[in-house]
Structure formats: C-alpha cells, structure tokens
Amino acid sequence: MTAAELVQLAHDIKLWARELGFDQVGITDTDLALEEPRLQAWLDAGHHGTMDYMARHGMMRARPHELLPGTLRVLSVRMNYLPFEAGFAATLRDPTLGYISRYALGRDYHKVLRNRLKQLGERIERRCEALLQGSQETLGEWRPFVDSAPILERPLAAKAGLGWVGKHSLLLNESAGSFFFLGELLVGLPLPLDAPVEKEQCGKCVACINICPTGAIIAPYVVDGRRCISYLTIENDGPIPEEFRPLMGNRIYGCDDCQLICPWNRYADASPEPDFSPRPTLHRPPLLDLWGWSESDFLKHTEGSPIRRIGYRRWRRNLAVALGNGPASPQVIEALQQALGEAEPMVAEHIEWALATLANRQQEDHKKTRLLIRCIEKGLPDHA
C-alpha cells in the first residue's frame, strides 16, 4: 500500500468513525514505554486494591503489540455520553434519592462502542481488500477493545491527540471535557500518526483533588483506587470500610464529583446517542423504591446496563449505606429492619451500620430540637 493510499485511508477512517457515531478518532503507535514505570509504581503501591486483573498481565497493558502481535497502530476513539437533563445537583442534593454515575444511566457502553468499532474494522478490511487485490500484502488481524483487555487506553488516547490526562487521571479534551467513553481498534497498518496535544492544560487547578469525598486523588495524576467511591461501589466485592461509608452520601454506583468540579466540563456536550439516554427507573430514583427491588426486579431493571455486573448483593450493600446516610424517617428504619433478618452476612453488616447511624442521627436531632425549644422559651434567637 502506497504512502498516498495510507494517508487517504486514515482520512476516510475518520469520516467513517463520525458516521458511526464517534465524536473523535486519533491514530497512534504502540510505544508506551514511558508509562511502564508509572504503572509499576502504582501497582507496587497497591493502589489497584482487589482489582487483580490490573496486575495479572504485567506490562502488557503498555504493549499493545504484545496483546495482538503484528499491531502497528492503535485507532483511539471517543464517544460522548453526557445525557440531556443529567440532573447532577438535584440528585446529589436530595439524600432520599440514589445517585448513579451518569455513564451508567443508559445501555452498557461496552456493547455500544464495541459494536461500532467492529463495524469500523470491517470497513477498513473491505477497503484494504480492494486496495491489496492481486498483492502479496495483507491487512492482518485487527481487534476492537472497550475496557475488555489489558490496555492503557488513556495514555494511548493522549498520544493519539484526543486530549491530555488530567490530575484526576481521566482524559480531558478542551472542547468536550471528560464525559466520554474511550475505545481502541488495533490494526496492522502503518497509518500516518496524529500529533498529541502539546501539553496538559490543567495548570495550577486542583479542584478535582480538593472535591474528592474520600481523598482518593492522593497526588496529581495518582488515584488510590482503594479510596475511590467508584471502586468501593463497583469493583470492591467485600464490605465497604466504615471510614468511607459516611463520605459516600447517596452515591450508590460510581461517583462523578471530580468531573463535575472540573472547569473543562463547561464545554461538555450532551450526547444525542439514544442508547445513553437515562432509564426512568435509574434516573433520580428514590432509594426506598430501589431498596424494594427483589433480585429478579434488579435483573429486569438492569438488563443491558453496566450496573448489572455488580450483582444484587453489592447493589443492596451500596443502598444500605446510602439509606444510612439519609433522613432517619420511620419508613427507612422499618424497611431496613424488615430486610435484616433475611439478609446475607455482608449486606446485614451494612444494614446494621445504617440502623446504628440513623439512631445516632435521631438522637442528635432530638438534642437540637430540645435545645431549640429551650432557646425559644428563654427568648433567645433561634440561631443561638
């Protein structure tokens, strides 16, 4: 294949990607040697927690050419997911509602992006077959990935010019913020490379570090997964450490705080993709309604959703914590007490914590009420 044909193919790939719903695509090589020491240091510090798969494949994460031998280029794509009327603040402000990370309100993005990447790969294959007809050259293998293999997607996306890695470790784009998914297509074609962003543009801003409820961003660009609410509510299969439970508020699946505070997300666009539209049962849902779901209800309402993968047990664990962080209403206390007898041990532990927390809050509320009454009786201002 000539250099001119490769340039034209790269141009066409970007057009096809747009037609398939991707908001941007960049092309990079497979060299991530600079990332290997950072990855090893992060693993050595244990910041991956119980995510054993992060360490299982060693440095293969930084070597896409080992993941798929013959790979010469990585096509890195992004697709916006921010839904219209995302309702961030309204949900977080109301402790009776459950907050679900906005990426998980619609259809499972793994399926959406992987299907589109597969279609992109098939288009490339058809074009190459036409160009290479009668030649000894072949396209070779190609493979799409969406969080489905040991690959460092954010450094690859940065090298491909899609943005820069921010201090919260997520990819940032100056015209789109960070509310987007990433995917990769590995190919054996020497396509022309795209230039990376010249420099990261976070400057002196540390808003994401300061806002993190659990202090998970322990240094710029370094996240201790063991403290992150997304890890605690999704990846963590065991009990949530008690020190973090009060800090979780009503977040029952993931957390968006570091993205919400980021100034670059002023430029984030809502996605027109219908697959990412919020499901009514998951958008600003009352916690007590979710607590009332049986396991079959959970499976029905989360069919085709990324939430389903945490399973009913972790779902109940997360809900118990959120209920414990909410108002100590008779309805909540009764619902928790009724579930306690039949709850399996890990969930029961979190229910007991929630009941104890609510009981303490009731006592505090009673103390404040009595103090208020005494102040009123003495003629003191009610803010005293």
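The structure presented is a predicted model; accordingly, all values stated were derived computationally and were not measured.

Peer 1: Mind showing me how you'd approach the environment of Pro272 here?
Peer 2: Relative to the helices and strands, Pro272 is located in the loop between α10 (257–260) and α11 (287–291). Along the backbone, Pro272 and Leu82 are 190 residues apart, and their C-alpha atoms lie at a distance of 8.9 Å.

Peer 1: Explain the environment of Glu303 here, please?
Peer 2: Topologically, Glu303 is positioned in the loop between α12 (295–301) and α13 (311–324). By relative accessible area, which is 54% here, Glu303 ends up exposed. Sequence separation of Glu303 and Arg107 is 196 residues, and the distance between their C-alpha atoms is 8.6 Å. Here Glu303 is in contact with Arg279 and Arg308, once residues within four sequence places are set aside.

Peer 1: Can you help me understand the nonpolar core in this one?
Peer 2: Side chains of a nonpolar character, in soluble globular proteins, are inclined to be buried together. In terms of nonpolar packing, the biggest core is built from 94 residues, with Leu191 and Trp315 touching the most fellow members. It is helix α6 (residues 109–131) that contributes the most residues to this core, 7 residues altogether. The next biggest cluster of nonpolar side chains, apart from the first, holds 8 residues, and it includes Ala158, Ala160, Leu171 and Ala176.

Peer 1: What am I meant to see in the side chain of Thr214 here?
Peer 2: Tracing the backbone shows Thr214 in the loop between α8 (207–211) and β8 (217–219). A residue is classified by how much of its surface remains accessible, and Thr214, at 3% relative accessible area, is buried. Here the side chain of Thr214 touches Arg227 through a polar contact of 2.4 Å, landing on its backbone oxygen. Not counting residues within four places of it along the chain, the set of residues in contact with Thr214 comprises Arg227, Cys228, Ile229, Phe244 and Leu247.

Peer 1: What's the story with the sheet that holds strand β4 (residues 143–145) in this structure? I'm lost.
Peer 2: Pairing between the strands of a sheet comes from backbone hydrogen bonds, and it takes one of two forms, parallel or antiparallel. Pairing within the open sheet is antiparallel, and its 4 strands lie in the order β1-β2-β7-β4. Each edge of the open sheet is held by one strand with a lone partner, namely β1 (24–28) and β4. Across the sheet, the mean angle separating the axes of adjacent strands is 20° when strand polarity is ignored. Here strand β2 (residues 73–80) runs beside strand β7 (residues 180–187); their pairing, made up of 8 bridges, is antiparallel. Within β7, the residue paired with Ser76 across the bridge is Glu184.

Peer 1: Mind showing me how you'd approach helix α14 (residues 330–340) here?
Peer 2: The periodicity of an α-helix, 3.6 residues per turn, causes residues three or four positions apart to be oriented the same way. Along α14, the positions that sit buried rather than exposed are Val332, Ile333, Ala335, Leu336 and Ala339. For α14, the arc enclosing every buried residue in end-on projection is 165°, short of the 170-degree limit, so these residues lie on one face. Every exposed residue of α14 that faces more than 90 degrees away from the buried side is listed here: Pro330, Gln331 and Gln338.

Rules used throughout
Residues numbered from 1 in each chain as written. Predicted model: local features only at pLDDT ≥ 70, side-chain atom pairs only at ≥ 80, totals over all residues. Heavy atoms only, no water. Helix = DSSP H or I, 4+ residues; strand = E, 2+ residues; numbered from the N terminus. Buried < 20%, exposed > 50% of the residue type's maximum accessible area, 1.4 Å probe, protein only. Contact = heavy atoms within 4.5 Å. Core = buried A, V, L, I, M, F, W, Y, C linked by side-chain atoms within 4.5 Å. Polar contact = N/O pair within 3.5 Å; in protein donor to acceptor, adjacent residues only side chain to side chain. Pairing = 2+ DSSP bridges. Axes fitted to C-alpha atoms, helices over the stretch in contact; angles between N-to-C directions. Arc of directions from axis to C-beta.

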